[in-house]
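# Observations on chain architecture
What follows is each chain in one-letter form.
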Amino acid sequence: MQGAKILDERKDFIMFKDSCCGDGKINCEKESVSGAVSQRACVYCGARVVLNPITDAFHIVHGPIGCASYTWDIRGSLSSGSELYRNSFSTDLREEDIIFGGAKKLAAAIDEIVEKNLPKLIFVYATCIVGVIGDDVEAVCRKAEEKYKIRVIPVKAPGFSGTKSLGYKLACDAIMELILPHKDMPKTGGINIIGDFNLAGEMWIIKNYLNAIGLNTVSTITGDANYESLIKAPSAGLNIVQCAGSSVYLAKRMEEEMGIPFIKVSFFGIEDTTNSILRIAHAIGDENAIKRAEEFTKERSARAKEFISKYKPKLEGKKAAIYVGGGFKAISLIRQFNEMGIKTVMVGTQTGKKDEYEVIAQIVEKDTVVLDDANPSELEAFMKEKGADILV
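The structure reproduced in this document is the subject of the present report.

On to the nonpolar core, then. With 44 residues, the main nonpolar core has Leu-51, Phe-123, Val-155 and Met-254 as its most contacted residues. Put simply, the parts of the chain that give this core at least two residues each are helix H1 (43-51), strand S4 (121-126), strand S5 (151-156), helix H6 (164-179), helix H8 (227-230) and helix H9 (244-258). Here the element with the most residues in this core is H6; it accounts for nine residues. In this view, Val-155 contacts Ala-47, Leu-51, Phe-123, Val-124, Tyr-125, Ala-126, Leu-170 and Ala-174; residues no more than four positions away in its chain are not counted. Counting 21 residues, the second largest nonpolar core, distinct from the first, contains Ile-26, Cys-28, Ile-308 and Ile-360.

Dropping the structure here:
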């Protein structure tokens, strides 16, 4: 890399398709290099990303006030109902609480929320300092559930305990704790959409696709979700997973403990969207749905390609850089850029896995640079070196 020095410890995390700064393979699924200014968020933030879109849930951040700043305003999502989830609640631990413990303060915070708001669902996040002082958050939540007959679910997510990916896992465990008591409800044959957070209304688009081919959406996890819709999730006949990095773990647990099969899908680009709709219909096994899916995707693909054709002459030859959370999303974006005539010259992820990087290597060009857990200096240097026209 010209114009900027790569930290020696970071060289194995950067590769080209056929060559690498290290041994020819990209290093991934590891903790961030100290001092590299990783763009990953902490464990707590990973959990909050997954749980925050639940529109009628209360989120109590048990820790210093600064942790509560990671709210809807940092990573927004859209709601068709309650706007409650846009608020954040904190126990605001101070020096005295750190010395003598903050459990009483947490119990008082839960009491205040129940008194003023009559909630159905509360998540309590244990942050770094709570992991150090050892407050028994689980006991406080358990007592609150017994006292108020509502769900109060602890999420033990001190930032130092791992990476953002661990936060995803802890959030999935919290969702399972919520829905497991309802696992014996009758199956409806509908679909759960897992791993989409409705950041820009895309959950509603996906639901419309399913409606168009005659399939019912049971629950959305967690974009535009609410308590009542979530507890119906065990009645579904199929889980479709949009964000594999954050939610495959949840889908696997639901398959093992509730008998609900899952498939990975992507609704980025014409090719992946078409394939996903067809695969969903075949997974359900409904002949009418399959027929409608074939007709629907054929008509919509033709319409989308006609639309793109107007802009393709101006896009061909342009260069794109991609930096996203998970590898599955990056793969879909690369394919869509290829269809638009745009060359991907740099692609990176925060939490990509080995098999995802192998797919990326197959679909990008020889001189494309691939990065795992990049920092701003690396992103800037490679974008300049490769002459990227846009960063997604």
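Having seen the structure, we can now continue with the description.
Attention now moves to the sheet that holds S5. Reading across the sheet, the four strands line up as S3-S2-S4-S5 and stay open at both edges, with parallel pairing between neighbours. The outermost strands of the open sheet, each flanked by one partner alone, are strand S3 (89-90) and S5. In terms of strand pairing, strand S2 (residues 58-62) meets S3 through two bridges, oriented parallel. Across the sheet, the residue bridging to Val-61 is Ser-90, located in S3. Sheet contacts for H1: S2, S4 and S5; angle to S4, the most-contacted strand, approximately 165 degrees. Helix H3 (residues 103-117) contacts S2, S3, S4 and S5 of the sheet and is inclined by roughly 160 degrees relative to S2.

Glancing now at the layout of surface pockets. In this structure, the largest pocket occupies an estimated 450 Å³ of space. As for the largest pocket, its lining consists of 20 residues, of which Glu-29, Ser-165, Gly-245, Thr-351 and Lys-353 are closest to the centre. Looking at the lining of the largest pocket, the elements with two or more residues in it are H6, H9 and helix H14 (354-363). Among the elements that line the lining of the largest pocket, the one with the most residues is H9, at seven residues. Looking at the lining of the largest pocket, its residues break down into five nonpolar, six polar and nine charged. Within this model, the second largest pocket holds a volume of roughly 310 Å³. If you go around the second largest pocket, you meet 17 residues; those closest to its centre are Tyr-209, Phe-267, Gly-269, Ile-270 and Thr-273. Elements represented by at least two residues in the lining of the second largest pocket include exactly helix H7 (202-212), helix H10 (270-284) and helix H11 (287-309). Tallied by class, residues from the lining of the second largest pocket come to nine nonpolar, six polar and two charged.

This part takes up the side chain of Thr-344. Structurally, Thr-344 is set in strand S11 (residues 343-349). A relative accessible area of 4% means that Thr-344 is categorised as buried. Setting aside chain neighbours within four positions, we find Thr-344 in contact with Ala-320, Ile-322, Ile-334, Phe-337 and Thr-368.

On to the pattern of salt bridges, then. In total, this model carries 21 salt bridges according to the counting rule given. We note a salt bridge from Glu-228 to Lys-120, for which the minimum N-O separation is 3.1 Å. Highlighted residues: Glu-228 in helix H8 and Lys-120 in the loop between H3 and S4, separated in sequence by 108 residues. Classification of Glu-228 as partly exposed rests on a relative accessible area of 36%. The partner of Arg-253 in a salt bridge is Asp-173, with the nearest N and O atoms 2.9 Å apart.

Definitions and cut-offs
- Residues numbered from 1 in each chain as written.
- Predicted model: local features only at pLDDT ≥ 70, side-chain atom pairs only at ≥ 80, totals over all residues.
- Heavy atoms only, no water.
- Core = buried A, V, L, I, M, F, W, Y, C linked by side-chain atoms within 4.5 Å.
- Buried < 20%, exposed > 50% of the residue type's maximum accessible area, 1.4 Å probe, protein only.
- Helix = DSSP H or I, 4+ residues; strand = E, 2+ residues; numbered from the N terminus.
- Contact = heavy atoms within 4.5 Å.
- Pairing = 2+ DSSP bridges.
- Axes fitted to C-alpha atoms, helices over the stretch in contact; angles between N-to-C directions.
- 1 Å grid on protein atoms, 1.4 Å probe; cavity = no way out; pocket = protein on both sides within 12 Å on 5 of 7 lines; lining within 4 Å.
- Points joined across faces, edges and corners; volume = space filled by probe spheres on them.
- Nonpolar A, V, L, I, M, F, W, Y, C, P; charged D, E, K, R; others polar.
- Salt bridge = Lys/Arg side-chain N within 4 Å of Asp/Glu carboxyl O.

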